[in-house]
Amino acid sequence: MSNLNNFNNIYLNLSQSAYEDRPLSFFKALKDKVLIEDEEFALRDFSKDYQEEGVNIGGGKHLPNDGILYVHKDKNTRLVPKDTPNGTVFIKTPLLSDIEEGFNSYFLTDTPELNKDTKNAYLAVKGSDVPSFNNVWPLVNDWLGNNYPFTMHDEYIPQGKIVAEALHVKLAELKEKAPNAKLNITGHSLGSVASVQGVAHLSVEELEQIGEIVVLNGPDTLKSLRQSGVSEEVIQILNEKVTYYVNPFDIVSMLNRNTDEQLGKVKVIVPFNFSTTFDTPSSHDFGEYRIHSDGKILEATEDFFPAYLKAGEKLSKLLNKYIELIKEGNSNFGLDKIGSTPEVLLTLVNGGLNYSKFMKEYQEIIEETKLEVISWGRKKIQSIQEKLLYTNGPERIKLRSELILTLSHLSRIESDDKVSKSLKQLEEYKQRVKALTISASHEAMNVAFHLDSNELYELLYEFDFESSWDESTEQLNRELLKAYLEKIYKFSDTLFYATEKLEEIDREQGELFA
């Protein structure tokens, strides 16, 4: 698990805090305030630094309402039909959560109570939980109940329908009590699918009350919207309101993106690491976002590390290829419809013989991209340095800003790569020494019968791994490499934020000559 490095972006903050085990969790806030102190809401202040159990997150700057939001107790309910031996009964269930469907969301506002002063309200929708031996329910509800039907059949998922129902109620409440407020929506992973599908099933009139829809690490939903009957008029409205932030190395982000037509504005981030969704740190996690103090997320463009854009396209095509193979396999085994059979689970988790092939091609995309990014970065730096020789004024400040931002990212990537290679080489040497000492020890034993016990001990000692390999020196080298990386990371961060100072100078000069 990797968390945000700072709280500078309100939507990243909300999406991360929608998870129970994350910093400034809304679940924990409500548990403490509502259940213990019997309050109607709990305050969350994202402007303050967060430090707890080795997690350090810088407080947000330039946030709406100075970073202060109020997460409200879920006082509304809905009736959920449930089949019983005696017929269908309706169970009263919280509006914003559903244990059986694995769904949870939070309603927040910039005022303690809804009134005419309320400017912004937010619905933060939680993504998938990770199944474990102690908790298998996410496997049943999040994965088989929602992720699978969306991935394999582009279905309008149960969690999306719950979001739609919640939005109808909350928008009516805002219209009555806070007529000047806009409702903004965010979600991560599965939460992004549920968010977009839910809002897509609002009326055109209700959509006027919706502000921004900013979703993270989520797949494209356009096909599922059309398949569920969403009108082209609504889709056009969503194209203006929806913004996706996606990691080019994340399989969830890149799902359904092998087509020219996608919903909303799609922004490919420049991630910290070259990692898969299954690695630690994961490309699917919040820690991969690099965020300026004004909340702007560092993103790839055709003019800034374009290899990331290309990587996302490659991964999306790769995903499509293997999903089609899985569908074909499911059809052959009669598993083309969702079910809870072990075979379906096996297909999803393991992918049979295709899994290892997929992972090999997946890793190749990432490694190829790393080389392309480093090559592009070096050429870009040289190009900017040449332009700086004959450029003056605001254009020079802009070029210097580009140079520093490129250096910031490239210094981190190249250092990560060098340290990774050094550690790999260190481990290879260690294993070679171990193999040689074992081999030599076996050879020594072959002549043991010619030696007395003291001679045998001295001979075997010479071929003992622990005496041949200095563990303390190895540990020192590892610590030195780690310390080097930490210094480079700090240097990279210093450069990253230095660009903001240059842009500030540029603005001041512009005002001077306006």
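Residues numbered from 1 in each chain as written. Predicted model: local features only at pLDDT ≥ 70, side-chain atom pairs only at ≥ 80, totals over all residues. Heavy atoms only, no water.

(A) The arrangement of the overall build of the chain in detail. Regarding its fold elements, the chain presents 15 helices and 13 strands. A buried classification covers 47% of the 514 residues belonging to the chain. Partitioning the contacts of the chain with sequence separation of at least 6, the portion at a separation of at least 24 is 70%. When the accessible surface of the chain is summed, it comes to about 27,000 Å², and 53% of that surface belongs to carbon and sulfur atoms. (Helix = DSSP H or I, 4+ residues; strand = E, 2+ residues; numbered from the N terminus. Buried < 20%, exposed > 50% of the residue type's maximum accessible area, 1.4 Å probe, protein only. Contact = heavy atoms within 4.5 Å. Areas by Shrake-Rupley, 256 points an atom, 1.4 Å probe, with all protein chains shown as cover.)

(B) Structural detail: the pattern of salt bridges. What the rule picks out here adds up to 26 salt bridges. The partner of Glu 261 in a salt bridge is Arg 226, and the shortest N-O contact between them spans 2.9 Å. One end of the pair, Glu 261, is in the loop between strand 12 (242–246) and strand 13 (265–268); the other, Arg 226, is in helix 7 (residues 222–227), with 35 residues separating them in the sequence. Overall, the relative accessible area of 34% leaves Arg 226 in the partly exposed class. Through salt bridges with shared partners, a single ionic network connects Glu 427, Lys 430, Glu 471, Glu 474 and Arg 478. (Salt bridge = Lys/Arg side-chain N within 4 Å of Asp/Glu carboxyl O.)

(C) Structural detail: the packing of aromatic side chains. Under the counting rule described, the total for this entry stands at 16 aromatic pairs. Relative to Phe 305, the ring of Phe 304 lies with its centre 4.8 Å away and its plane at 85 degrees, an arrangement referred to as edge-to-face. Just as Phe 304 is buried, Phe 305 falls in that class too. An aromatic cluster of at least three residues, connected via ring pairs, comprises Phe 249, Phe 274, Phe 304, Phe 305, Tyr 308 and Trp 376. In this structure, Lys 161 packs its charged tip against the face of Tyr 156, placed 5.4 Å from the ring centre. The aromatic ring of Tyr 244 is capped on one face by Arg 257, whose charged end is 4.5 Å from the ring centroid. (Phe/Tyr/Trp six-rings, centres within 6.5 Å; stacked < 30°, edge-to-face > 60°. Lys NZ or Arg CZ within 6 Å of the ring centre and 35° of its normal.)

(D) Structural detail: the side chain of Arg 78. Along the chain, Arg 78 falls in strand 5 (residues 77–84). Residue Arg 78 is classed as buried on the basis of its relative accessible area, which comes to 8%. A polar contact of 3.5 Å, which involves the side chain of Arg 78, links it to the backbone oxygen of Pro 94. Those residues within four positions of Arg 78 in sequence are excluded, and the remaining contacts are Ile 91, Lys 92, Thr 93, Pro 94, Leu 95, Ser 97, Asp 98, Ile 162 and Glu 165. (Polar contact = N/O pair within 3.5 Å; in protein donor to acceptor, adjacent residues only side chain to side chain.)

(E) Main features of helix 5 (residues 190–200). Counting buried residues along helix 5, 11 of its 11 residues qualify, which places the element largely inside the surrounding structure. By the burial criterion, the buried members of helix 5 are Leu 190, Gly 191, Ser 192, Val 193, Ala 194, Ser 195, Val 196, Gln 197, Gly 198, Val 199 and Ala 200.

(F) Region of the structure containing the packing of helix 4 (residues 158–177) against helix 5. Between helix 4 and helix 5, the least distance of the axes is 7 Å, while the angle of their chain directions is 50 degrees. In terms of orientation, helix 4 lies oblique with respect to helix 5. Considering how the two elements wind past one another, helix 4 and helix 5 form a crossing that is right-handed. Touching Gln 159, Gly 160, Val 163, Ala 164 and Leu 167 of helix 4 are Leu 190, Ala 194, Ser 195, Gln 197, Gly 198 and Val 199, all from helix 5. Classifying every residue of the contact of helix 4 with helix 5 gives 6 nonpolar, 5 polar and no charged. (Axes fitted to C-alpha atoms, helices over the stretch in contact; angles between N-to-C directions. Parallel < 35°, antiparallel > 145°, perpendicular 65-115°, else oblique. Left-handed = near helix turned anticlockwise from the far one by under 90°. Nonpolar A, V, L, I, M, F, W, Y, C, P; charged D, E, K, R; others polar.)

(G) Representation of the environment of Lys 170 in the model. Relative to the helices and strands, Lys 170 resides in helix 4. Classification of Lys 170 by relative accessible area gives buried; the value is 6%. With 47 residues separating them in the primary sequence, Lys 170 and Leu 123 have C-alpha atoms 9.2 Å apart. Those residues in contact with Lys 170 that lie beyond four places of it in its chain are Asn 76, Leu 95, Leu 96 and Phe 107.

(H) Representation of the nonpolar core. Within the largest apolar cluster, 71 residues are counted, with the highest numbers of intra-cluster contacts made by Leu 174, Leu 183, Val 199, Ile 210, Leu 238, Leu 263 and Tyr 308. Tallying contributions element by element places helix 11 (residues 354–388) first for this core, with 10 residues. Counting 31 residues, the second-largest nonpolar core is a separate cluster that includes Leu 4, Leu 30, Ala 42 and Phe 286. (Core = buried A, V, L, I, M, F, W, Y, C linked by side-chain atoms within 4.5 Å.)

(I) Geometry of a negative patch on the surface. Together, Asp 260, Glu 302, Asp 303 and Glu 313 give the surface a local cluster of negative charge. Note on placement: Asp 260 falls in the loop between strand 12 and strand 13. When its relative accessible area of 85% is taken as the criterion, Asp 260 is described as exposed. (Patch = residues over 30% accessible without salt bridge, like charges linked within 9 Å, V, L, I, M, F, W, Y side chains within 5 Å. Lys, Arg positive; Asp, Glu negative; His and termini not counted. Charge placed at Lys NZ, Arg CZ, Asp CG, Glu CD.)

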